[in-house]
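Summary of the model geometry
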There are 2 protein chains.
Amino acid sequence: MENMEKFLQKHNVKPTPQRMVIAQFVVNSKSHPTADQIFQGVAEQLPVALSRATVYNTLNTLVQAGALKEVYLESGPARYDANINDHHHFIDVKTGKVFDIDADKVKALAPELGAGFKVHHYSVTFFGESKAAD
Amino acid sequence: MENMEKFLQKHNVKPTPQRMVIAQFVVNSKSHPTADQIFQGVAEQLPVALSRATVYNTLNTLVQAGALKEVYLESGPARYDANINDHHHFIDVKTGKVFDIDADKVKALAPELGAGFKVHHYSVTFFGESKAAD
DNA sequence: TTCCAATATTAGAATAGCTCTAAAATTCGT
DNA sequence: ACGAATTTTAGAGCTATTCTAATATTGGAA
Ligand SMILES: [Mn+2]
Ligand SMILES: [Mn+2]
Ligand SMILES: [Zn+2]
Ligand SMILES: [Zn+2]
């Protein structure tokens, strides 16, 4: 998926220079970058000044459009993810690195992620509707 | 666990009037309140002025001491939880209400929480260490 | 008991993350 | 080309939290 113009059009987002470099940066990134990291990494690539507002606007637009996911891992800023498949995340508590974990791996029961991951603990957040009183 | 003085002492936190009303408020609350909700609910109960800094200081102290848990559910402010057992959370997307879900219920495989909960989706965050490259 | 040192609390300033505002620039159909 | 609609911009504003530095409270030694 290398052509950003097509990528944006596919999601019905008008391609602009700002949007293309921002989307490109997130797609290239495996690290679930924050808005500020995106701003830092992208500002120099543009001939004109880039506003933080544009970064936030663009990221919100792309999340709305389903082109990116916004992910809240702990406290701190939102992070952005070009992996829009159903997946969860594994955070290495030593390095802070974030790994994508396919949803199937989790359904197949939690701590069987493979030898590379030692799980200290995990937290699950459900979203839905409840009939419970309180 | 009604005596806050004992509650704080058990966790090696010096009992002060501010700490007692703050801890009491969180213990009484089932709703995972934010620092600001705690501040609002507690300020009037004290004969002296209460500073927001004291609320944050106290909550951080109690989390450090293991007397409370700090929980990040979505974006927005941290929430505080007197349930220090191993548990997860269920958020009703209609009402925003937060329910405690015992960790055993989750281990016993995800969407079997009982009839009262209709799960739209859920996200799992693992914390641990990985050997994976990137 | 009165000190004193340690700790806790305070109001407000500072910082971080994000959104809003209103003006300027760009785009695009005509 | 023109004008309406959209996008971008700089900076102000807002929310959540921490920091600062001064004041108040505590609890143990003298
Ligand atoms: Mn957002
Ligand atoms: Mn905290
Ligand atoms: Zn991801
Ligand atoms: Zn809870």
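Just above, that's the structure.
Bear in mind that the values here come from a model prediction, so they are computed numbers and not experimental data.

1. Some remarks on the overall build of chain A
Assigned secondary structure in chain A consists of five helices and five strands. Taken from N to C terminus, the helices and strands of chain A fall in the order α-α-α-α-β-β-β-β-α-β. Taken across its 134 residues, chain A has 41% of its residues classed as buried.

2. Points about a negative patch on the surface
On the surface, a cluster of negative charge is made up of Asp86(A), Asp100(A), Asp102(A) and Asp104(A). Relative to the assigned elements, Asp100(A) resides in strand S4 (residues 98–102).

3. Concerning the pattern of salt bridges
Residues and elements named next belong to chain A. Summed over the entire model, instances satisfying the criterion amount to two salt bridges over all chains. The salt bridge involving Arg 52 is made with Asp 36; its shortest N-O contact spans 2.2 Å. Note that Arg 52 is positioned in helix H4 (residues 52–64) and Asp 36 in helix H3 (residues 35–43), a separation of 16 residues in sequence. With relative accessibility at 40%, the residue Arg 52 sits in the partly exposed group.

4. Details of the protein's contact with DNA strand C
Taken together, 16 residues lie near DNA strand C, and Ala78(A), Thr16(B), Gln18(B), Ala49(B) and Thr54(B) sit nearest. Put simply, 78% of the atoms of DNA strand C that lie within 4 Å of the protein are in sugar or phosphate. One of the side-chain nitrogen or oxygen atoms of Gln18(B) is found 3.1 Å away from a sugar or linking oxygen of DNA strand C. Contributing elements (two or more residues each) for the surface near DNA strand C: H4 of chain A together with helix H2 (17–28) and helix H4 (52–64) of chain B. Split into classes, the residues belonging to the surface near DNA strand C amount to eight nonpolar, six polar and two charged.

5. Description of the protein's contact with DNA strand D
Taken together, 16 residues surround DNA strand D, and among them Thr16(A), Ala49(A), Thr54(A), Tyr56(B) and Ala78(B) come closest. Among the atoms of DNA strand D lying within 4 Å of the protein, the sugar-phosphate backbone contributes 77%. Interatomic distance of 3.5 Å between a side-chain N/O atom of Lys14(A) and a sugar or linking oxygen of DNA strand D. Here a phosphate oxygen of DNA strand D and a side-chain polar atom of Asn60(B) are 3.3 Å apart. Mapped by element, the contributors of at least two residues to the surface near DNA strand D are helix H2 (17–28) and H4 of chain A together with H4 of chain B. A per-class count over the surface near DNA strand D returns eight nonpolar, six polar and two charged.

6. Remarks on the coordination of the zinc ion (ligand 4)
All names here are of chain B. Protein ligation of the zinc ion (ligand 4) involves His 32 (NE2), Asp 81 (OD), His 87 (NE2), His 89 (NE2) and Asp 100 (OD), the donor distances falling in the range 1.9 to 2.3 Å. Linear spacing of the donor residues for the zinc ion (ligand 4) on their chain is H-x48-D-x5-H-x1-H-x10-D. Pair noted here: His 32 is in the loop between H2 and helix H3 (35–43) and His 89 is in strand S3 (residues 87–92), with a separation of 57 residues, a long-range link. A residue is classified by how much of its surface remains accessible, and His 89, at 7% relative accessible area, is buried.

7. Focus on H3(A)
Restricting attention to buried positions, one finds in H3(A) the residues Ala35(A), Ile38(A), Phe39(A), Gly41(A) and Val42(A). Looking at the buried side of H3(A), the elements it contacts are H2, H4 and strand S2 (79–81) of chain A.

8. Comments concerning unusual backbone geometry
Residue and element names in this part refer to chain A. The phi torsion at Asn 12 lies on the positive side, around 60 degrees, for a residue other than glycine. If you trace the backbone, Asn 12 turns up in the loop between helix H1 (4–10) and H2. A relative accessible area of 73% means that Asn 12 is categorised as exposed.

What counts, and at which threshold
Chains are numbered independently. Their residues run from 1 in the order of the written sequence. Starting at A for chains and at 1 for ligands, labels are handed out in the order in which the entities are written. This being a predicted model, a pLDDT of at least 70 is required before a residue's local features are given, and a value of 80 or more before pairs of side-chain atoms are given or counted; all residues contribute to the totals for chains, interfaces and linings. Side-chain calculation: all heavy atoms of the structure are included, whereas hydrogens and water are not. Each helix is a run of DSSP H or I of at least 4 residues and each strand a run of E of at least 2, with the numbering of both proceeding from the N terminus. Using a 1.4 Å probe on the protein chains alone, a residue whose accessible area is under 20% of its type maximum counts as buried, one over 50% counts as exposed, and one in between counts as partly exposed. In this scheme, patches are assembled from residues that exceed 30% relative accessible area and form no salt bridge. Like charges are connected within 9 Å, while nonpolar side chains (Val, Leu, Ile, Met, Phe, Trp, Tyr) are connected within 5 Å. Reported accessibility uses the Shrake-Rupley method at a 1.4 Å probe radius. Residues are deemed covered only where the shown protein chains occlude them. Each reported salt bridge corresponds to a side-chain nitrogen of Lys or Arg within 4 Å of a carboxyl oxygen of Asp or Glu. The charge count treats Lys and Arg as positive and Asp and Glu as negative. His and the chain ends do not count. Where a charge lies is defined by one atom per residue type, namely NZ (Lys), CZ (Arg), CG (Asp) and CD (Glu). Here a residue is near a molecule or strand as soon as one of its heavy atoms is found within 4 Å of it. As used in this structure description, the phrase polar contact means that two N or O atoms lie within 3.5 Å; if the pair is within protein, one of them must be able to donate a hydrogen and the other to accept it, and residues adjacent in sequence are counted only when both atoms belong to side chains. Classes in brief: Ala, Val, Leu, Ile, Met, Phe, Trp, Tyr, Cys and Pro nonpolar; Asp, Glu, Lys and Arg charged; the others, Gly included, polar. Water is not part of the atom set, so a site may look incomplete; the donors themselves are N, O and S atoms within 2.8 Å of the metal, or 3.2 Å for Na, K and Ca. Contacts are assigned to residue pairs with any non-hydrogen atoms lying within 4.5 Å of each other.

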